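# Residue-level structural notes
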Amino acid sequence: MNPLRALGRFDSWLAAGALALMLLIPLAEIVLRPLFGRGVENAPVLVQHLGLVLAMFGALVAERSGHLTTLGAGLGAVEHPQLSRFASLFAGASSSVVCGLLAQASWTFVVSEMEVPHPLAYGISGWMFQAAMPAGFLLLGMRLASRLAGACSWRVASAVLLPGLGWLCAAHFAGASLPLWPFVLWLVAILLSGAPIFAVLGGLALALFWQEGQPLAAVPLSHYQITVNPSLPALPLFTLAGLIFARTGAAGRLGTLFTALFGGGPLGTAVAGALLCSFFTAFTGGSGVTILALGGLLLPLLTRAGFPERRGIGLVTSASALGVLLAPSVPLIMYAIIARVPINTMFLAGVLPALVMVAFLLLAGGFLRRGLSVVPEAPLRSSRRQAVLAAKWEIMAPLVAIGSMVSGLATPMESAALTAAYAILTQTVAHRELDLRGLGSALVDCVQIIGGIMLILGMALGLTNFLVDAGIPDLAVAWVQSVLPDRYSFLLALNLFLLLAGALMEIYAAIVVLVPLLLPVALAYGIDPVHFGVIFLASIEIAFLFPPAGLNIYFASAMFRKPLRYVAVSVLPAVGAMFLGAVCISLLPFLATWLPGLLGG
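Residues numbered from 1 in each chain as written. Predicted model: local features only at pLDDT ≥ 70, side-chain atom pairs only at ≥ 80, totals over all residues. Heavy atoms only, no water.

### Examining the overall build of the protein chain
Check the secondary structure of the protein chain and you find 29 helices and two strands. By principal-axis analysis of the C-alpha atoms, the protein chain measures approximately 75 × 60 × 55 Å. Taken across its 601 residues, the protein chain has 55% of its residues classed as buried. In the protein chain, once contacts between residues fewer than 6 apart in sequence are set aside, the share between residues at least 24 apart is 81%. Accessible area for the protein chain stands at about 24,300 Å²; split by element, carbon and sulfur atoms hold 69% of it. (Helix = DSSP H or I, 4+ residues; strand = E, 2+ residues; numbered from the N terminus. Buried < 20%, exposed > 50% of the residue type's maximum accessible area, 1.4 Å probe, protein only. Contact = heavy atoms within 4.5 Å. Areas by Shrake-Rupley, 256 points an atom, 1.4 Å probe, with all protein chains shown as cover.)

### Description of the packing of helix α15 (residues 330-339) against helix α25 (residues 529-542)
Here α15 crosses α25 at 140 degrees, and the two axes come no closer than 11 Å. Here α25 runs oblique to α15, going by the angle between their axes. Between α15 and α25 lies a crossing of right-handed hand. Contacts between α15 and α25 pair Pro331, Leu332 and Tyr335 from the former with Pro529, Phe532, Gly533 and Leu537 from the latter. (Axes fitted to C-alpha atoms, helices over the stretch in contact; angles between N-to-C directions. Parallel < 35°, antiparallel > 145°, perpendicular 65-115°, else oblique. Left-handed = near helix turned anticlockwise from the far one by under 90°.)

### Observations regarding the pattern of salt bridges
What the rule picks out here adds up to eight salt bridges. A salt bridge links Arg143 to Glu63; the shortest N-O distance between them is 3.7 Å. Of this pair, Arg143 sits in helix α5 (residues 132-146) while Glu63 is found in helix α2 (residues 43-64), placing the two residues 80 residues apart along the sequence. We note that Arg143, like Glu63, is buried. With a shortest N-O distance of 3.0 Å, Glu309 and Lys562 are connected by a salt bridge. Highlighted residues: Glu309 in helix α14 (residues 309-319) and Lys562 in the loop between α26 (552-560) and α27 (564-570), separated in sequence by 253 residues. Because the salt bridges share partners, they merge into one network encompassing Asp11, Glu63, Arg64, Arg143 and Arg147. (Salt bridge = Lys/Arg side-chain N within 4 Å of Asp/Glu carboxyl O.)

### Comments concerning the packing of aromatic side chains
Per the counting criterion, the structure on display carries nine aromatic pairs. Note on Phe86 and Phe90: the rings are 6.1 Å apart at their centroids and 5 degrees apart in plane angle, and the pair reads as stacked. Here Phe86 and its partner Phe90 are both found in helix α3 (residues 81-115), four residues apart, which amounts to about one turn of the helix. Residue Phe86 is classed as exposed on the basis of its relative accessible area of 54%. When its relative accessible area of 24% is taken as the criterion, Phe90 is described as partly exposed. Centre to centre, the rings of Phe109 and Tyr224 are 5.7 Å apart; their planes meet at 50 degrees, and the pair counts as tilted. Highlighted residues: Phe109 in helix α3 and Tyr224 in helix α9 (residues 218-227), separated in sequence by 115 residues. Looking at Phe109, the relative accessible area reads 6%, which means it is buried. In this structure an aromatic cluster arises from ring pairing among Phe173, Phe183 and Trp210. (Phe/Tyr/Trp six-rings, centres within 6.5 Å; stacked < 30°, edge-to-face > 60°.)

### What about a nonpolar patch on the surface?
On the surface, a nonpolar cluster with roughly 750 Å² of combined accessible area is contributed by Tyr488, Leu587, Leu588, Phe590, Trp594, Leu598 and Leu599. Broken down by element, the nonpolar patch gets its largest block of residues, three residues, from helix α29 (residues 590-598). Note on placement: Trp594 falls in helix α29. (Patch = residues over 30% accessible without salt bridge, like charges linked within 9 Å, V, L, I, M, F, W, Y side chains within 5 Å.)

Written as structure tokens, this is what we have:
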């Protein structure tokens, strides 16, 4: 038996166990604090460091499941079998070497922390959690290398030699100053060959620090800093809550509710479908999950209401991208963390712009056009009151998530833990649709999603920190102001640039890399950081409908069993409509700032 394969269950259980503790510790803190005057010792810091364990071993789960984000199959998808095979081997071997480089740099960082230990709680030192970084990168490199060969002996040799080569290179050339251009050419080649994005970003960050002769440990330090950010535990916990709702009958109950509220005709079904997709994406954290969870429910409703199949697919696929602006969306939280804006302020700021984007999609996208041929349908089985009663627990979920945070009763981490616990209790006790096995599966799926995201975020922050230290944002401000003399031309150029960037970059990498570079430029034009965040997310979410990084059309193609070209054509009217909505939000800042100002955000 392959020893690397035997690690499969171990990394799943370790990452899922870390997530379970991240849920239980804040809940214990909420209960113990009023009863005994004190709760778990240094609970927030413990939870943040458990997030580091989740990130590293969750990335291993993501790799094993084939969910490490790439730019696309690239040269690995060409029809020429020999070229395709070479590209796959080149990307995998190179990524394994990068993991070895990152593992050695991480070990250097951990050794420096061991020399001056920082106790967290109960005698546990910080380096005990930090050791997950070199271990995780090394195991990830071994896992990537082991997939390059068929025979077991060759798999073991690859798993030892390739990450080992990276480790030795990082150790041998530590403190040296190496030229940048060979690394850039290599990284571009592996990106086009289908290498994971984290390896390209991490490799580029290492190369930039190497060029300056600076310590490579700065890259894992950045990964550690963002992973233990006080607000970051909200990401996996909100994602867990969304996945639990997606795995049960919540989607069906919400679909019945929205249809009952807005009616079953063409107008009502289109409005209900767009709002339901937006709401569900905000909670599940991924528009692809929404397409998979709601596509089979909504497309029959839309076709029965008179929509041609292509129009129905276009509506579901495009509307599933609109939840990015609604709380508790993961990208919304991520922007707040990177831009250092209060999370509750961003939650309030996204409400009106999200409704504007839905309105533009429905009106400018032509989904409310009259004259549809309506197919007679049976009357709704349940009344509006019955639909509300059936979905009452799902309706209350946003109040738990947003209300506890906006009111100041809970920190973002505690609010996320409450929401996840609420989802578990309502779906296990009230609806009896979630058992222990389903909960375990949701935990593993969550760490798989978050592990891949966190790996990208950590590497992207290492790259961003170098660019900021090099003064790139200041240069960008001066150059943009010389080219675009007024605020409105800048806003239009920003919308177009973000549309292109979102099509080429994974959304979380785009947030971490681009926000620190573009936010100073926006501030120089007098744009509020909250307004800029809404513009950024509104434009980036449109790119979910563009290949190669826009995954919605891939999910829709798989869900509806239609060719990729068919789905791409179906969303074209929606893309134009959503772009007009993003421009409207850009030109009307009160849409983002009015509600936070009204409620004191």
